[in-house]
Amino acid sequence: MSKGCLAPSTRGGGPMSVPSTWILVTWMSHWQSSLYIRPTYIGTEPTLGVTTSNEALLFVVVGPVGPYFPTGFRPVTLLADTVHVRAHPGGCGGYKLGANYGPTVYPAKKANDLGAQQILWLYGEDRLVTEAGTMNTFMLWEAEDGRLELVTPPLESHLILPGVTRQSILDLTRRWNEFRVVEKNFTMGHLVKALRAVSASVGARLHAGVLQGRVRELFGAGTACVVCPIERILYEGQRLDVPTMKAGAPLTNRLLKELSDIQYGRVSSEWAPVIC
């Protein structure tokens, strides 16, 4: 990461020669919140210019974080943005850099004005689905071969932030071994087609006059929200209703419970060793 952001290197291969400061926040707003432990690294050389910094400050912010969306654990609406781009191959979208977030504020405000909570970020002519706001995107669907599959975009292109919650969901669901779990690209075209296609396992069903497709659930995952169900996508003048909540979002709710139980120590896990 030092090379990725051209930060000062370590000296002599030893520990980083930068000051370190801890800012501790011990108050937790309520039990159902996450604890951010956020290492932060900023250049501090007293010069102005477009170049690398020879001096830097490393500090860690620790603080409570409630639900990312004001709606809490309720389904959200996303605006699939075909104009703005969050990240591109060869860029820094796969790293936790402040520069990734500034350009997202204006599109997010436009999404709010249209009644959406955040952006569904797309990339390229194929309109690859990447992230949902600041969350990793997951879809549970019946794949074209008829198998139930949980899919999330891969990391290789560096369009996707490798979130800890993302990896936890992949590890946990692979351990369950109840459906296929894959990391692969899918486009808005795939998603729209799957929402409208007839599920082979249930046949054609009508609900409020809408043909139900192969998508079971669509949700985002991240530190603040853990998981967040998605019920609607605004895309090119269309309102695409996602059936995440039709059956009560069983997978999304199960993941929320199991990950929260580990996080708060209600169940033992090698992911959360007791340190004191």
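As the structure is a prediction and not an experimental result, all values here were calculated from the model.

## Some thoughts on the overall build of the protein chain
In step 1: For the protein chain, the count of helices and strands is four helices and 14 strands.
In step 2: In the protein chain, buried positions account for 42% of the 276 residues.
In step 3: A total of about 15300 Å² of accessible surface is found on the protein chain, and carbon and sulfur atoms cover 57% of it.

## Some words on the side chain of T244
In step 1: Mapped onto the fold, T244 is located in the loop between β14 (238-241) and α4 (250-263).
In step 2: Take T244: its relative accessible area is 1%, and that puts it in the buried class.
In step 3: One polar contact links the side chain of T244 to the main-chain carbonyl oxygen of I230, over a distance of 2.6 Å.
In step 4: With sequence-adjacent residues up to four places away left out, T244 is seen in contact with R216, E217, L218, P229, I230, A249 and T252.

## Structural notes on the side chain of N136
In step 1: Within the fold, N136 resides in strand β7 (residues 135-142).
In step 2: Here L161 takes part through its backbone oxygen, which lies 3.0 Å from a polar atom of the side chain of N136.
In step 3: Leave out the neighbours within four places in its chain, and N136 touches E131, I160, L161, G163, R166, F219, G220 and A221.

## As for the packing of aromatic side chains
In step 1: Applying the stated criterion across every chain yields a total of one aromatic pair.
In step 2: Plain terms: the ring middles of F138 and F219 are 5.3 Å apart, the flat faces sit at 5° to each other, and that makes the pair stacked. Note that F138 is positioned in strand β7 and F219 in strand β12 (residues 215-222), a separation of 81 residues in sequence.
In step 3: A relative accessible area of 0% places F219 in the buried class.
In step 4: The ring centre of W176 lies 3.6 Å from the NZ or CZ of R254, which sits over that ring.

## So, the pairing of strand β4 (residues 76-81)
In step 1: Most of β4 sits out of view: six of its six residues are buried.
In step 2: Pairing of β4 with strand β13 (residues 226-235), which is carried by four bridges, proceeds in the parallel orientation. By the bridge assignment for β13, L79 is matched with L234.

## A few points about unusual backbone geometry
In step 1: A positive phi angle, near 60°, is found at N177, a position not held by glycine.
In step 2: In this fold, N177 is placed in the loop between α2 (164-176) and β9 (180-183).
In step 3: The class for N177 is exposed, based on a relative accessible area of 64%.
In step 4: In this structure, E236 is a non-glycine residue whose phi angle is positive, near 50°.
In step 5: Assignment of secondary structure puts E236 in the loop between β13 and β14.

## Brief notes about the confidence of the model for the protein chain
In step 1: Of all residues in the protein chain, 79% attain a pLDDT of 70 or more, and the chain-wide mean is 83.
In step 2: The low-confidence segment residues 17-30, where pLDDT is below 50, has 29 contacts with residues more than four positions distant or belonging to other chains.
In step 3: Considering only residues more than four positions removed or in separate chains, one finds that residues 199-211, a stretch of pLDDT under 50, has 19 contacts.

## Quick look at the pattern of salt bridges
In step 1: One pass over the full model with this rule turns up 18 salt bridges.
In step 2: Note that R174 is salt-bridged to E183, the shortest N-O span being 3.2 Å.
In step 3: Residue R174 is classed as partly exposed on the basis of its relative accessible area of 38%.
In step 4: Judged by its relative accessible area of 33%, E183 falls in the partly exposed class.
In step 5: Salt bridges sharing partners connect three or more residues here, namely D145, E149, R180 and K184.

About the criteria used
Residues numbered from 1 in each chain as written. Predicted model: local features only at pLDDT ≥ 70, side-chain atom pairs only at ≥ 80, totals over all residues. Heavy atoms only, no water. Helix = DSSP H or I, 4+ residues; strand = E, 2+ residues; numbered from the N terminus. Buried < 20%, exposed > 50% of the residue type's maximum accessible area, 1.4 Å probe, protein only. Areas by Shrake-Rupley, 256 points an atom, 1.4 Å probe, with all protein chains shown as cover. Polar contact = N/O pair within 3.5 Å; in protein donor to acceptor, adjacent residues only side chain to side chain. Contact = heavy atoms within 4.5 Å. Phe/Tyr/Trp six-rings, centres within 6.5 Å; stacked < 30°, edge-to-face > 60°. Lys NZ or Arg CZ within 6 Å of the ring centre and 35° of its normal. Pairing = 2+ DSSP bridges. pLDDT = per-residue confidence, 0-100. Salt bridge = Lys/Arg side-chain N within 4 Å of Asp/Glu carboxyl O.

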